Amino acid sequence: MELFANIPTIQYEGAKSKNPLAFRFYDAERVILGKKMKEHLPFAMAWWHNLCATGTDMFGRGTADKSFGAAEGTMEHAKAKVDAGFAFMQKLGIEYFCFHDVDLVPEADDLKETNRRLDEISDYLLQKMQQTGIKCLWGTANMFSNPRYCNGAGSSNSADVFAFAAAQVKKALDITVKLGGKGYVFWGGREGYETLLNTDVKFEQENIARLMKMAVAYGRSIGFTGDFYIEPKPKEPMKHQYDFDAATAIGFLRQYGLDKDFKLNIEANHATLAGHTFQHDLRISAINGMLGSIDANQGDLLLGWDTDEFPFDVYTATACMYEVLKAGGLTGGFNFDAKTRRASYTAEDMFEAFILGMDTFALGLIKAAELIEDGRIDDFIAKRYASYRETEIGKKILSGEATLAELSAYAENMGAPELPGSGKQENLQSVVNGILFG
Ligand code: XUL
Ligand code: CO
């Protein structure tokens, strides 16, 4: 039986197309700023949402059938998911996937058996990868679902749980390297706390760093040359997550000497949960040389949790692609860490969700390139700070020669300084609208 038999290979048909199973903006071969769209946008499928999640929520069972013709919890099912995943990616022209260890195989009671299953499924995956040319963007270990991790993994109070987490990281790294993955992700999971009444924050953070250092040492020893990533998130499942946002994660990485091996994997919905825009966390990562990869999704600003929706907001995607273009691209890619809504439970919905996400980012790319080529925003920002380049006192401040005493003497003779110049926010917003809809 051909999987997704009633779904055609998805083609680019242009903005006017009314075909729900076609791209309106994502045209893989189209060249933007000297590079093909598919090179600007290395899209990835998240194994967990697309092939495992059935739409379960706190109030109800799953709505989607992800059995792919096999019984859940078996290796047949694990293989059926590989078949389905590759058929899915091929129909959409998606070239990468991302996985957690336990997305690939059902976890056994015994670690040795889980690891044996991982060996078996990764052989099968490799075969499929060789046949199709599809690649692994990043791997990770799920150190949050199993009850053993109720107090965290690296941050657990239990040394045995820490050791078990280390074993999972080791195996997930083995599989990532075997599959040629470009990156390895640490999303905090339950690395955080609920109350300080029972928590030694300093001890927990030091232990997380210890686990990461072991991962770097082991990864490099088995030939992993890619980037490690921290994926910041401020809350959920824990009330306080240690990797709150990009700035916090960067400080942590520098404090523990991990900043040469790690970059950040920025997720849109996590940034907005932290009270930032997606663009803010991208910018903070980029200016620190740590923008590595992106979990491309969208939150609902009216809700206080991680809704992991497929990206639809073209303003946000444009802002994202503006940051990515300015940063010279990603070392990683754009992983759709996104799920269809509970009521969108058909196979067609899965495809339409990816079409939406890919088209949204394609539009974002097109419009971000236009904004950069237009130049008005860059010009405005450059002029806004011109006093530091064009006046004697500004040059002195920048060179580090100026002292407080000197600036004080200068200010005393200045009279009242002129206002610093209009910020022109409304004008610039209108420039953005002109480019988006003009
Ligand atoms: C959770 C989340 C994870 C990570 C990988 O919010 O984003 O799926 O991307 O563990
Ligand atoms: Co994510």
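Residues numbered from 1 in each chain as written. Chains lettered and ligands numbered in written order. Predicted model: local features only at pLDDT ≥ 70, side-chain atom pairs only at ≥ 80, totals over all residues. Heavy atoms only, no water.

What to know about the coordination of the cobalt ion (ligand 2)
With distances of 1.9 to 2.1 Å, the protein atoms coordinating the cobalt ion (ligand 2) are Glu231 (OE), Glu267 (OE), Asp295 (OD) and Asp337 (OD). Because the angles between the six donor atoms bound to the cobalt ion (ligand 2) fall within 81 to 171 degrees, the donor set is best described as octahedral. Sequence spacing of the donor residues for the cobalt ion (ligand 2), all on one chain, is E-x35-E-x27-D-x41-D. Of this pair, Glu231 sits in strand S10 (residues 227-231) while Glu267 sits in strand S12 (residues 262-267), and the two are 36 residues apart along the sequence. Each member of the pair, Glu231 together with Glu267, is buried. (Donors = N, O, S within 2.8 Å, 3.2 Å for Na, K, Ca; no water. Tetrahedral: all angles 85-135°; square planar, octahedral: opposite > 155°, others 65-115°. Helix = DSSP H or I, 4+ residues; strand = E, 2+ residues; numbered from the N terminus. Buried < 20%, exposed > 50% of the residue type's maximum accessible area, 1.4 Å probe, protein only.)

Here's the deal with a nonpolar patch on the surface
Side chains of Ile381, Tyr385, Tyr388, Ile397 and Leu398 sit close together on the surface and give an oily, nonpolar patch of about 480 Å² of accessible area. Relative to the helices and strands, Tyr385 resides in the loop between helix H13 (376-384) and helix H14 (387-390). (Patch = residues over 30% accessible without salt bridge, like charges linked within 9 Å, V, L, I, M, F, W, Y side chains within 5 Å. Areas by Shrake-Rupley, 256 points an atom, 1.4 Å probe, with all protein chains shown as cover. Salt bridge = Lys/Arg side-chain N within 4 Å of Asp/Glu carboxyl O.)

Remarks on the site of ligand 1
The local shell around ligand 1 consists of Trp48, His100, Trp138, Trp187, Glu231, Lys233, Glu267, His270, Asp295, Asp306 and Asp337. Glu231 has a polar side-chain atom sitting 2.7 Å from an oxygen atom of ligand 1. Protein coverage of the free-state accessible area of ligand 1, which is 290 Å², stands at 93%. When its residues are assigned to classes, the shell around ligand 1 shows three nonpolar, two polar and six charged. (Near = heavy atom within 4 Å. Polar contact = N/O pair within 3.5 Å; in protein donor to acceptor, adjacent residues only side chain to side chain. Nonpolar A, V, L, I, M, F, W, Y, C, P; charged D, E, K, R; others polar.)

Considering the state of the cysteines
Applying the stated criterion to the full structure yields zero disulfides. Its sulfur unpaired, Cys98 is 6.7 Å from the next cysteine sulfur, which belongs to Cys136. With no disulfide of its own, Cys320 has Cys98 as its nearest cysteine by sulfur position, at a separation of 15 Å. You can call Cys320 buried: its relative accessible area is 0%. (Disulfide = S-S within 2.5 Å.)

Some remarks on the nonpolar core
Nonpolar side chains in soluble globular proteins generally cluster together in the buried interior. In this structure, Phe4, Trp47, Leu92, Phe97, Phe334 and Phe361 are the most contacted members of the largest nonpolar core, which totals 116 residues. The greatest single-element share of this core, amounting to 13 residues, is contributed by helix H12 (residues 347-374). Looking at this core, you find at least three residues from each of domain 1 (30-374) and domain 2 (377-437). Look past the residues within four positions of Leu92 in its chain and what remains in contact with it is Ile10, Phe23, Phe351, Phe354, Ile355 and Met358. (Core = buried A, V, L, I, M, F, W, Y, C linked by side-chain atoms within 4.5 Å. Domains from an automatic or database assignment. Contact = heavy atoms within 4.5 Å.)

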